[in-house]
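So the chains spell out like this:
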2 protein chains.
Amino acid sequence: MSKPAAARLIPKVPTKVPRVGARRTTRSSTKRELVAVAEELFAEQGYPATSLDQIVGQAQVTKGALYHHFSGKQALFEAVFERVEAEARASIQAGLKDQRDPWLKAQAGLRAFLDVVQQPAYRRIVVLDGPSVLGYERFREQEERSTFAIVVEIVRAVLTAGEWDDGEVDEEMLQTFTRVFFGAMSSAGTSVASSDDPALAAQRVEAALGFILTGLRSLADAGVPLPDPAAGRDSAR
Amino acid sequence: MSKPAAARLIPKVPTKVPRVGARRTTRSSTKRELVAVAEELFAEQGYPATSLDQIVGQAQVTKGALYHHFSGKQALFEAVFERVEAEARASIQAGLKDQRDPWLKAQAGLRAFLDVVQQPAYRRIVVLDGPSVLGYERFREQEERSTFAIVVEIVRAVLTAGEWDDGEVDEEMLQTFTRVFFGAMSSAGTSVASSDDPALAAQRVEAALGFILTGLRSLADAGVPLPDPAAGRDSAR
DNA sequence: TCGTGTTCCATACCAACGGTACGTACCCAG
DNA sequence: CTGGGTACGTACCGTTGGTATGGAACACGA
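Parameters and conventions
Residues numbered from 1 in each chain as written. Chains lettered and ligands numbered in written order. Predicted model: local features only at pLDDT ≥ 70, side-chain atom pairs only at ≥ 80, totals over all residues. Heavy atoms only, no water. Salt bridge = Lys/Arg side-chain N within 4 Å of Asp/Glu carboxyl O. Helix = DSSP H or I, 4+ residues; strand = E, 2+ residues; numbered from the N terminus. Buried < 20%, exposed > 50% of the residue type's maximum accessible area, 1.4 Å probe, protein only. Phe/Tyr/Trp six-rings, centres within 6.5 Å; stacked < 30°, edge-to-face > 60°. Lys NZ or Arg CZ within 6 Å of the ring centre and 35° of its normal. Expected span 1.5 Å × (residues − 1).

- Within an unreviewed UniProt entry, the label attached to chain A reads TetR/AcrR family transcriptional regulator, and the organism entered is Nocardioides currus.

Re the pattern of salt bridges
Residue and element names in this part refer to chain A.
- Inspection of every chain in the model, using the stated rule, returns 25 salt bridges over all chains.
- With its nearest N and O atoms 3.2 Å apart, the salt bridge here joins E153 to R156. Highlighted residues: E153 and R156, both in helix 8 (residues 147–161), separated by three residues, approximately one helical turn.
- Classification of R156 as partly exposed rests on a relative accessible area of 27%.
- Overlapping salt bridges bring together R140, E143, E144 and R179 as one network.

Focus: the packing of aromatic side chains
- For the coordinates displayed, the defined rule picks out 16 aromatic pairs over all chains.
- Here the aromatic rings of F77(B) and F81(B) are separated by 6.2 Å at their centres, their planes lie at 40°, and the arrangement is tilted. Taken together, the residues F77(B) and F81(B), both in helix 4 (residues 73–95) and four residues apart, mark about one turn of the helix.
- Judged by relative accessible area, F77(B) falls into the buried class, the value being 0%.
- An aromatic cluster is defined as three or more aromatic residues linked by ring pairs; in this entry it consists of F42(A), Y47(A), F77(A), F81(A) and F139(A).
- The ring of F70(A) has K31(A) lying over it, and the distance from NZ or CZ to the ring centre is 5.6 Å.

Details of helix 4 of chain B
- A rise of 1.5 Å per residue sets the reference length of helix 4 of chain B, with its 23 residues, at 33 Å; its end C-alpha atoms lie 33 Å apart and thus fit the reference within 8%.
- Inspection of helix 4 of chain B places L76(B), F77(B), E78(B), V80(B), F81(B), V84(B), E85(B), A88(B) and I92(B) among the buried residues, and these make up the whole buried set.

Details of unusual backbone geometry
Residues and elements named next belong to chain A.
- Positive phi values are uncommon outside glycine, yet Q60 reaches one of about 65°.
- Within the secondary structure, Q60 sits in the loop between helix 2 (52–58) and helix 3 (63–69).
- Note on Q60: relative accessible area 52%, which makes it exposed.

In structure tokens:
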């Protein structure tokens, strides 16, 4: 690959010179190095525009190493994806750890999420390329194990805290509400990230979502029950 | 491509046999044929997995024709994308054309959108591959000219119909609200499409979003003003 | 310490892909 | 009938993801 001028007609001899800077250091640091380099390049250029040659070049190894640790480009991406998602999850959880009131927790979670979604690596790898590369199903599995799981808990706290039914919330309905909120936050967050004035845009998103939450709260206070998915047409009005 | 056994060593003579079934029929039907075939294949296999050879093969032309009408694979995708988006827009608009009340209009629009997002072509081409292939910026431009524009108008109608301020809604806030709703619908819709029981899932989504709308409506009736993006921290609670 | 299996990785190669260069058949204005 | 533009077909190229092969370094029991 782009190295036509090198040792050519000595194919069988050891060829020597495996590495200058002493490879094989600690237990498979190569793998982590590959993931780190791949994360950087995927985040900068996107998945399709990043070639394996580029990755292994910058990681100072060859494709042999890469294909020893990963089954292919997609598997490498998946490792990167999980890493980024894990960081995001940790970051969000740190942002709402000392909030007790469900509504304040929701607000803190929203802010933390808006911060995360402005990081270029998260946007590019998780939001933009994630679904396309992993396929929607796999993308969703991964997502539901990390950031989505947090949102589920927040939404659950909000729904149970409201004086709707005491305790028990229909699990399916909870999932649906979370999907709705997660999508809203994700979309709004992405638009925040690509805004001219991200801070202002984030403020607007907070205001809008906060307004919606206030609406839900007023319903809770008024004793309006959560919708029953089994019922017929009784959504708006 | 994959035709090693053919006329080889007669490179300069016309080679003849341009086509069996008489090409060059009407005025550039080739272009539309290419778009149609590409839409089908992109929808089935996704953008990266569909090769140009496959497209031109099924369209009964060669890459020469393709590169005459389009500057490359991405340009072809964009043509397909616009076509699919235009159909979606028309479908949604047809679904809410005879609704006058803003809240009913919103509900009808939601249903129409949930229908659209269940079509495989729309999901794959617009939702899944769209952002990744076009890049977020271009994707957004296209989107805002079609389906997003409809949602803007619906949201505007809802916001102005509520007795918030009479008339005038802050344009930026409107945009933000729309992004939030659009994201919610898109995410929920996609999850509907990949659900085991799409009909039931759609019902749940309708219920959830309807509940949220009801909350907003109660705020409107109570005379709670729309949030002011300029104000500080006053979102939830 | 000597095999011997396993891990880890480099080298060389391949088929398929998107894209390009160039030629040619056709149409129409002059 | 001729020149130029349109609408393709054909052949070819560089790069890409992926594979086959083999060797070097370690682990470890005999």
